[in-house]
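In case you want the letters, here they are:
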Amino acid sequence: MYKHVFTLICIILCFTMPVYCLEETTTTTTQTYQWIVVGAGCSGATLARKLLDYFPNDKVLLLERGIDNLDPVFTDETCSPEPHIFNTTRPVTCTYPAIIAPRRSVSPALGSHIFTSIPQPQLKNRTISFGAGNCTGGGTSINGMVAFRALREEFEEISATPGLEEFNYHAFLPYYKKIEDNENNNPKVFWDRNGNSGRVSVTNHKVGTLFNEKAFLKASIANGVYPSDINSLQLGGLSKAQATITSNGRRASSAINYLDSTARNSYRFTLKNTCRVRRILFNSAGTQATGVEYQTGNQIFTAFATKEIIISAGTVETPRILKSSGIGPSGELQALGIPVIRDMPVVGTNYFEKPLTLANFRLTIPDNPKMNTSIVLSNSTFRQWKYYGTGPLTGWNNPWAVHGGSSDLDAEFHEQGPFPDTTGYNFTNWMRLICWNAHTKSRGSIKLNTTDIYGNPIIDVALLRDPSDADKLIECNYKFRKIL
């Protein structure tokens, strides 16, 4: 799938013993699910839909911790531009792309959940807060929608490992093409590497630019950064990023792409929101997974399945669920009094984030009246997006992406107008340089909360713990700021 700010982990637990599902009622009515999918984010929503399509006689239960982004609070009729910019109590996952939840990492809001790390010694004991998708669609409902594939170099690195030779770029390319409906699908121009019949819309930036792109490209070339296509076979270079936005200017989240009316209206599909899974249930011998225990409000329910349980609850919640179920490092589990179902020391390890830096630069150009904040955030502009799928709300801040090839120096250039940032300050006619380390060496962990094993886990992000990670960011800023 395309890269986003977070990483999803899927664990499939197979078993064969048929059991029944006790619904959350006070009666003894039971139902049978063949499949249970935990987490309705990018992976979970996709998997649930695929199960419905490939197994026409099976019932699928999809459990999501957060709200459904097709709830009335997220509909076009109840969304208007200005409240979502300035009011942090409003939802952030409405479908117009201009609103990309910029505050998702600093304050709670509908559609996102804020995790906080333990104090980081290498950062003078600062804690790090970060947001994760907490609604159907997960991160695809709140992220920046930049359409990045995993890079060819990354596939080459994986496929060089003995036994993983089949995990190469050319083996995965047909699947990239299959899932997308890419605006750039002319095989004579794009070498038959983009798809045009998938569910995921991938389109080009359509909102007017604020700066001279020819001058920008000339400056890039002068500094050794040459035009490229980040989703091609080329290694490194500068390219204008595409986005997962529909042709009529709607956010193309996995909730919209895969959990459409066909899925939602099927009697074989059940979506339950605001349900946090506490643990996986096993048979008395501890050899077969049989169901899950989940909590809604102050009530605890159980659900069972006859084929498989798929845990796709995200980078933080997946190891938390596994460990609280007895799957993880035996020492940690025994210390908390959790019966060990399977000793797996790797669960909760190798956690990492991709650190980034932000630098804002004022553009020495006159204000573009068409991109003025008061115009962009007006009711007329909102109606233009809603009824005609046109105008500045159909896109966002014209991102350019740089992949540094083997140097691991990756960056993005974003126009910062005409939308205010989280403080309400208007960055019209500014350019933002974002440098990030795509191959960080620092590794952290996720451990269970010792006072509440079902609560938010103890997260050690280990950000910049390896000194080379900070060195890469410094080098990135030094190199790419010269372009501006």
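Residues numbered from 1 in each chain as written. Predicted model: local features only at pLDDT ≥ 70, side-chain atom pairs only at ≥ 80, totals over all residues. Heavy atoms only, no water.

Caption draft 1: Representation of the overall build of the chain within the structure. The helix and strand inventory of the chain stands at 13 helices and 22 strands. Every one of the 484 residues in the chain was classed for burial, and the buried ones make up 53%. Accessible surface for the chain amounts to roughly 22,200 Å². Of this, 55% is attributable to carbon and sulfur atoms. (Helix = DSSP H or I, 4+ residues; strand = E, 2+ residues; numbered from the N terminus. Buried < 20%, exposed > 50% of the residue type's maximum accessible area, 1.4 Å probe, protein only. Areas by Shrake-Rupley, 256 points an atom, 1.4 Å probe, with all protein chains shown as cover.)

Caption draft 2: Here's a closer look at the state of the cysteines. Counted according to the given criterion, the structure contains one disulfide. The side chain of Cys435 participates in a disulfide bridge whose partner is Cys476; the two sulfur atoms lie 2.4 Å from each other. One quick way to see it: the torsion about the S-S bond of Cys435 and Cys476 is about -85°, and its sign makes the bridge left-handed. Taken together, the positions of Cys435 in strand β20 (residues 430-437) and Cys476 in helix α13 (residues 467-480) put the pair 41 residues apart, joining distant regions of the chain. For the pair shown, Cys435 and Cys476 are each scored as buried. (Disulfide = S-S within 2.5 Å.)

Caption draft 3: Representation of helix α12 (residues 379-388) within the structure. For α12, the set of buried residues is Thr381, Phe382, Trp385 and Lys386. Seen from one end, α12 has its buried residues packed into an arc of 135°, which puts them on one side. Pointing more than 90 degrees away from the buried face of α12 are the exposed residues Asn379, Tyr387 and Tyr388. A positive backbone phi angle near 65° is found at Gly389, which sits one or two residues after α12. (Arc of directions from axis to C-beta.)

Caption draft 4: How the structure looks around the nonpolar core. Core analysis: the largest hydrophobic core is formed by 20 residues, its most contacted members being Ile36, Leu63, Val292 and Tyr294. For this core, the secondary-structure elements that each account for two or more residues are β4 (33-38), β5 (60-63), β12 (276-282), β13 (289-296), β14 (299-311) and α9 (314-324). A per-element tally of this core places β14 first, with five residues. For Val292, the contacting residues outside a window of four places in its chain are Ile36, Val38, Leu63, Val277, Arg279, Ile280, Leu281, Phe301, Thr302, Ala303 and Ile309. (Core = buried A, V, L, I, M, F, W, Y, C linked by side-chain atoms within 4.5 Å. Contact = heavy atoms within 4.5 Å.)

Caption draft 5: Expanded view of the side chain of Asp469. Note that Asp469 resides in helix α13. One buried charged side chain, Asp469, makes no salt bridge at all; its nearest oppositely charged neighbour is Arg443, positioned 6.4 Å away. If sequence neighbours within four positions are ignored, Asp469 has contacts with Asn437, Thr440, Lys441, Ser442 and Leu464. (Lys, Arg positive; Asp, Glu negative; His and termini not counted. Salt bridge = Lys/Arg side-chain N within 4 Å of Asp/Glu carboxyl O.)

Caption draft 6: Expanded view of the packing of aromatic side chains. Counted under the stated rule, the structure contains seven aromatic pairs. Considering the side-chain rings of Trp35 and Phe55, the 5.0 Å spacing of their centres and the 40° angle between planes classify their relative orientation as tilted. Remark: Phe55 occurs in the loop between α1 (42-54) and β5 and Trp35 occurs in strand β4; sequence separation between them is 20 residues. A connected cluster of aromatic rings, assembled from ring pairs, spans Phe155, Phe167, Tyr169, Phe172 and Tyr176. The ring of Tyr454 carries the charged tip of Arg278 above its face, separated from the ring centre by 3.9 Å. It is Arg443 that lies over the ring of Phe352; its NZ or CZ is 4.2 Å from the centre. (Phe/Tyr/Trp six-rings, centres within 6.5 Å; stacked < 30°, edge-to-face > 60°. Lys NZ or Arg CZ within 6 Å of the ring centre and 35° of its normal.)

Caption draft 7: How the structure looks around a nonpolar patch on the surface. Where nonpolar side chains cluster on the molecular surface, the patch consists of Ile158, Leu164 and Phe167 and spans about 240 Å² of accessible area. Assignment of secondary structure puts Leu164 in the loop between α3 (152-159) and α4 (169-179). Taking relative accessible area as the criterion, Leu164 reaches 31% and is therefore assigned partly exposed. (Patch = residues over 30% accessible without salt bridge, like charges linked within 9 Å, V, L, I, M, F, W, Y side chains within 5 Å.)

Caption draft 8: Representation of the side chain of Asp58. The topology assignment puts Asp58 in the loop between α1 and β5. For Asp58, a relative accessible area of 7% puts it in the buried group. Once residues lying within four places of it in the same chain are set aside, the contact partners of Asp58 are Gln34, Trp35, Leu52, Arg268 and Lys307.

Caption draft 9: Molecular detail of the pattern of salt bridges. Following the criterion strictly, the structure yields 13 salt bridges and no others. One salt-bridge network, in which partners are shared between bridges, spans Arg49, Asp53, Arg199 and Asp260.

No statement about biological role is implied by the geometric values presented.
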